[in-house]
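Residues per chain are reported as follows:
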Number of protein chains: 4
Amino acid sequence: MLTIKDSVHDHIEVGGVAEALLDTPEMQRLRHIKQLGTVQLVYPSANHTRFEHSLGVYHLANRVLSHLGIEGVLAERIRAAALLHDVGHGPYSHNIEALTHRHTGKYHDDVAELLASGRVGDVLREHDLDPAAVADLVAGEGQYGQLVSGELDVDRMDYLVRDAHHTGVPYGTIDTGRLVRELTFVDGQLVLDEGNVQTAESLLLARALMNPTVYQHHVARLSKAMLRRASERLLEEPDISADQLRRMDDHDLLASLRMTGRTTELARRLDERDLYKRGVWAEREDVPDDVLDLPHEEIREIERDVANDVGVEPDSVIIDVPAEPSMKESSSRVMVNGDVRRLDRQSPLVNALRTAQRQQWRLGVYAPGDVADDVGEAAVDALGLDIEGALVNYVRTGHRTTLDQFE
Amino acid sequence: MLTIKDSVHDHIEVGGVAEALLDTPEMQRLRHIKQLGTVQLVYPSANHTRFEHSLGVYHLANRVLSHLGIEGVLAERIRAAALLHDVGHGPYSHNIEALTHRHTGKYHDDVAELLASGRVGDVLREHDLDPAAVADLVAGEGQYGQLVSGELDVDRMDYLVRDAHHTGVPYGTIDTGRLVRELTFVDGQLVLDEGNVQTAESLLLARALMNPTVYQHHVARLSKAMLRRASERLLEEPDISADQLRRMDDHDLLASLRMTGRTTELARRLDERDLYKRGVWAEREDVPDDVLDLPHEEIREIERDVANDVGVEPDSVIIDVPAEPSMKESSSRVMVNGDVRRLDRQSPLVNALRTAQRQQWRLGVYAPGDVADDVGEAAVDALGLDIEGALVNYVRTGHRTTLDQFE
Amino acid sequence: MLTIKDSVHDHIEVGGVAEALLDTPEMQRLRHIKQLGTVQLVYPSANHTRFEHSLGVYHLANRVLSHLGIEGVLAERIRAAALLHDVGHGPYSHNIEALTHRHTGKYHDDVAELLASGRVGDVLREHDLDPAAVADLVAGEGQYGQLVSGELDVDRMDYLVRDAHHTGVPYGTIDTGRLVRELTFVDGQLVLDEGNVQTAESLLLARALMNPTVYQHHVARLSKAMLRRASERLLEEPDISADQLRRMDDHDLLASLRMTGRTTELARRLDERDLYKRGVWAEREDVPDDVLDLPHEEIREIERDVANDVGVEPDSVIIDVPAEPSMKESSSRVMVNGDVRRLDRQSPLVNALRTAQRQQWRLGVYAPGDVADDVGEAAVDALGLDIEGALVNYVRTGHRTTLDQFE
Amino acid sequence: MLTIKDSVHDHIEVGGVAEALLDTPEMQRLRHIKQLGTVQLVYPSANHTRFEHSLGVYHLANRVLSHLGIEGVLAERIRAAALLHDVGHGPYSHNIEALTHRHTGKYHDDVAELLASGRVGDVLREHDLDPAAVADLVAGEGQYGQLVSGELDVDRMDYLVRDAHHTGVPYGTIDTGRLVRELTFVDGQLVLDEGNVQTAESLLLARALMNPTVYQHHVARLSKAMLRRASERLLEEPDISADQLRRMDDHDLLASLRMTGRTTELARRLDERDLYKRGVWAEREDVPDDVLDLPHEEIREIERDVANDVGVEPDSVIIDVPAEPSMKESSSRVMVNGDVRRLDRQSPLVNALRTAQRQQWRLGVYAPGDVADDVGEAAVDALGLDIEGALVNYVRTGHRTTLDQFE
């Protein structure tokens, strides 16, 4: 049993299969993948990694297991899944996931393969654990998969608190101790026990406050889009496959971008925080529905057309169409007067937050500062946006500089 | 200029009129009035006082003044009002306010009189400040009164953070630094600057989470009702006037309750946390509208009837009908695309939170444990509540004990 | 099993005998005794109570028991002792202990009697625990008494962290998690395991930093001396015995002081923070050795002589001679290369800290501000202090006011 | 004026020359250099960067300037120096400093050159600041250089608190607010004002506790030595100069080590935390004095001899001889009774801490786990260490694994 000091949970005790897993290259690699990717360009202190987050998730899983009285092989399997749940992440976490995903197929298959092979597979088998069963838990399958990946999972509990701690934002603070203590299984469903409607709401609200302030901050989105563009270029190099890209860590990716001819300029911009500017920042109601369904290749086509129109390099135009907001936490379940109820059936906040998230949704078009206005106008036409003077209405101009965190 | 160490704001620098005011008996008295009264029976660490809160409010006022560039006499007047804003509080803060209020008339007149007399009045005049003008600010009057008592006031910013810190509850955490920095006056109205809809919402949400968890926790309400009942008895003593009661601090009140024949039993119960139990805990929809409008004396009459029915002492029955929830923060104002907008016109959360607060509203009937069920049944009849088996539906029984904090 | 939210340890789970003990009047009384007494006049946030501290000590004891694998009756006995360890405290904690002690004999006998009688005795016996055995643990007797009252006890671990948290001073921060995990018994002695010399030193250093900043702050000492003087007067009243005084809580004591003719003036001064001033603040080397050994009555005699000399009331002169500093933590034991070593044999810091504490030692003479200088001069003569111009050398004058925290 | 959120100081306001400097590539590069280098292998949360530290130092400098009333060009020069003070750091901070230093000459000349050239030089001159004067401040020269680099500098204040925050270790907590407020200049010397002997001691003690726990933790030293060894190999490559090495960031260095044939194995070991083990861990008294003075090349020679003896690759033996401990904080100055006194003349703690640090000093010999014992024995002979059974006496074996943090 070893003890690791963590800035969020203080001392974390690690034993059994988890202790052995920690020493695998696959787990150690997570030390070099930032939890929040380009959010660091908005919140300079947000340099925490998937490694410490994985330890935190393991720690909370351990506390839930002890609370629920789950022991033996099942407990070890859940502990392994908690620790390993992010082992399939590519460099810069979710930032380029869409990209590696697009080229390589199902993420979950990939995780299953990862867990079955290499040192991780060896360690699991040495501890009489079936890698496929662990992968199922990571994918949220079965009754106990809800603990690792579900509406009330320990992943969520750790990252909300950890991301708040490291950004310095006071909004992600939830009462993990209470959440852990109130979890229970009813008919195979993971629910919060009687008297916890507010506990469930607090999880939802923490997320609702973190989204616009941290996760969807426009500078984080903008720099993430630039990183994705650069990585896309990298994948066009003859000697780099999506599979290789996915196995890189942050160092490999940045070094590759710096050294590869077609990506040095984007790498320089990211390194020096010399970011593109917003040419369009459009609300949901001003965007035709079909734009949301455009496949990636057609978006790329429009980007090239716009670039052509304005007379700039194709890479200088980025159209960023986020998915419509989901709120997984809204379907969490709580006991109310003896019945299991879905939170969105019980709490008037859920619909309101859905509306709020829809209000916060923005389509962005980004380009180098000197052509951002022109690119914006051309993109408004090309996408058929229902706005005039998008720049006046939707982007505040001027009096804050690039490090501005909250606008 | 002196420096005071505070557990919330670290170092607080005090100078000018505030430094002189600190040494008055009226301010020092606040050292002996707990900020949260009987909440201490739920959260044992919640022993902070009106004194440290007043210092915190002064500190935040100072930061707002410096941010807004307000100086000179106006600034000193606002500082004095911030420091003195709670000087009129009776013992146990808001817990028995209704009582002293009912007997003595307008709270604000009382404050105005307090500020004009005694050492406080002397100090204000010595610093060329008009006590009446300071009292107006405390009452939230005029443009600058909004800073001291309004939807976006520094009072609220301090107590949310301070109450969270001392209860240990993680929900009151707001970003005071950001709130202070984003305040501005537009046409005499205090508003949050452009880009702060979420900032305003966060204030509202902090309050929405603190209400059920802390301020309206049923044990806090129950013990507050018992304290109020005991104080009411105390006022029936020939030698104690409402005015005297209001000038007591927590020590005086407790000592008086312990020493006065008719209140010793209630005092003992509060001292030993041997509290009444809930006989009814009814939702809003089950309470006839006219019950909410019953004047205090008629409620007292019903209590006596119920006590008579069940055959217990009149003081053994307490009917606790809270006011319908208000949400002052919902009318705070934010700049949106150049216009001042009320938050409840802008944010879908406001209505949802109103609904949520209405859902959390409960009418309580309390009595000693051994007669709570009987009293509950009699009260259901007497109040015409539309419930059957109130105890089964609304009160969880048994498996948690008196210190249970959240149920 | 109930869960209590604590501002220091977050959630504290209470079960078994501890849960039953919590509901006794003797434990609930501790809600009304401040942990740090008059320190609140220096650090306005320091209003935490013996009740929350006792819960914290119980919580840490629980963690140590679980770490050491101690279970059953022995564990329950230790838990009871941890929770009850302060139940014998008089009002204002240690502030008037010397006084009640002087009049009533041994503190530990008193505790043994307390634990055997009343509701506490009933509860202990109902749980098959021998009150006398629990009292022995509280007194630090036997192998397991070291956990409750010794150089490495959980009392110390809780109060250092808690006092730091509530004063806002950053110095008491120790790593309780590590301390708990590294405790072990070797030949019946409680020691820190191999590799923990610095852990033991950190406990000592936390104490060394808290002493001058908090516990021995001159304003805390001065107001404590005034409170003791007032309580001494109170004891001269025909109807108040030392035994009664000891059973009061803070409210009773303050109310009594305010209502008793001979103590109203001192009570007013304490209430309004209108404190005496220092007339002498002498270093150890300037105080003849025999002054340190003077019995209380002779000190009182000298005070009266000085008062007579200067022509003031006898109560206006307070001579405050602290004991020579001890450092219990210095004899804590640590494993070093397989041997048990006393920390003061191992660490060069111990002697240095002893010297530092001796340097910080001060004899104080206090009196009302207008006569403090005269009283000081007379006291220098009467005590035979080897100083000239004590006021110039030892007391900084003027530019800080009464709330000044650190000078 | 822009506002940046920091996890330590909350909001940091940046304006003037600092705002312009933030956008230079030289400053942005610090985002990619970890503050504590390989300490991350001991404390997984310690991923904070030189960038956020530099912002923190700037912030504290700003507060000191405002406290001291320093304005105008001098203030801007000090602000620039505070922000830029680490701009000359190579990758992995101090970890390979000795190396780049050894090959490239004076660090301070390098900084002066850096500040005069590139975008930083442009920005300084655009703001009418002389790069050479700023470089002097960074080097601690002149009266105001003491604020940036001296015994009481803002660098130290930031890193103690920040390193504690991110490691999770509770020991670095100092009262920065008090330190800032008590600084003053007396005859051109930066001193702490009257009444602050303990304040100065607290700085020293924070350092004394952080040293063994964090900065000199044996795993941090061991991995740092491995990184240095690998970087040394890298410098032997024909196409990499010390100058290039010094301008890399962490990503460049790790990527280069991974890609360069002679360093891939060491890179793999660092990546996978498959570290060397200690073969010797010798106390100061067992090490002949002349070993401490051996020039780098002779140490390298002995390493090769030992490797030869044992029959392993030369890179498999690392001898790590730390400098004798210094304690810069011990010569800080404090006002005592009107005189400026050096802390080590005033406080008995300074000498004790010096002795303690000497006791903690260790010479390490590291090698791959399977040959560590043999290498240890050969090194004991080669270095003439006065120990027998070094492994038994000085290294605890077995029961803790590689992640063990404190041993």
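Look up: the structure comes first, before these words.
Residues numbered from 1 in each chain as written. Chains lettered and ligands numbered in written order. Predicted model: local features only at pLDDT ≥ 70, side-chain atom pairs only at ≥ 80, totals over all residues.

A word on the sheet that holds strand β9 (residues 362–367) of chain C
Residues and elements named next belong to chain C. Here we have three strands laid out as an open sheet, ordered β5-β9-β6, and antiparallel in their pairing. Pairing within the sheet leaves two strands with one partner each, and these edge strands are β5 (277–283) and β6 (318–320). Taken over all neighbouring pairs, the strand axes of this sheet differ in orientation by 15° on average, direction set aside. Where β6 and β9 come together, three bridges link them in antiparallel fashion. Among the inter-strand pairings, I319 is bridged to a residue of β9, identified as V365. (Pairing = 2+ DSSP bridges. Helix = DSSP H or I, 4+ residues; strand = E, 2+ residues; numbered from the N terminus. Axes fitted to C-alpha atoms, helices over the stretch in contact; angles between N-to-C directions.)

Here we look at the environment of R345(A)
If you trace the backbone, R345(A) turns up in helix α19 (residues 343–346). For the pair R345(A) and R333(A), spaced twelve residues apart in sequence, the C-alpha to C-alpha distance is 9.4 Å.

Topic: the nonpolar core
L21(A), L21(B), L21(C) and L21(D) are the most contacted members of the largest nonpolar core, which totals 486 residues. In this structure L21(C) touches M27(C), A80(C), L83(C), L84(C), V120(C) and V123(C), once residues within four positions along its chain are discounted. (Core = buried A, V, L, I, M, F, W, Y, C linked by C-beta atoms within 7 Å. Buried ≥ 20, exposed ≤ 12 C-beta atoms within 10 Å, placed from the backbone. Contact = placed C-beta atoms within 7 Å.)

Considerations on the interface of chain D and chain A
With 41 residues of chain D at the interface, the matching set in chain A holds 41 residues. For the side of chain D that touches chain A, the secondary-structure elements that each account for two or more residues are β1 (2–6), α1 (16–22), α2 (25–29), α3 (50–68), α10 (154–167) and α15 (250–259) of chain D. The dominant element in the side of chain D that touches chain A, judged by the number of residues it contributes, is β1(D), at five residues. In terms of residue class, the side of chain D that touches chain A is built from twelve nonpolar, 16 polar and 13 charged. (Nonpolar A, V, L, I, M, F, W, Y, C, P; charged D, E, K, R; others polar.)

Overview of the relation of the copies chain D and chain A
When chain D is brought onto chain A, the operation consists of a screw motion whose angular component is 180° and whose axial shift is 0.0 Å, with 0.0 Å RMSD remaining. The relationship between the two copies is best expressed as a two-fold rotation axis. No C-alpha of chain D lies nearer the rotation axis than that of H251(D), which sits 2.3 Å from it. When the interface residues of chain D are mapped onto chain A, 100% of them again lie at the interface, so the same face is used by both copies. (Least-squares fit on C-alpha atoms with pLDDT ≥ 70 in both.)

Some remarks on the interface of chain A and chain B
Counting residues at the interface gives 25 residues for chain A and 25 residues for chain B. Elements with a contribution of two residues or more to the side of chain A that touches chain B: α12 (197–215) and α20 (348–360) of chain A. Residues that form the side of chain A that touches chain B fall into these classes: eleven nonpolar, ten polar and four charged.

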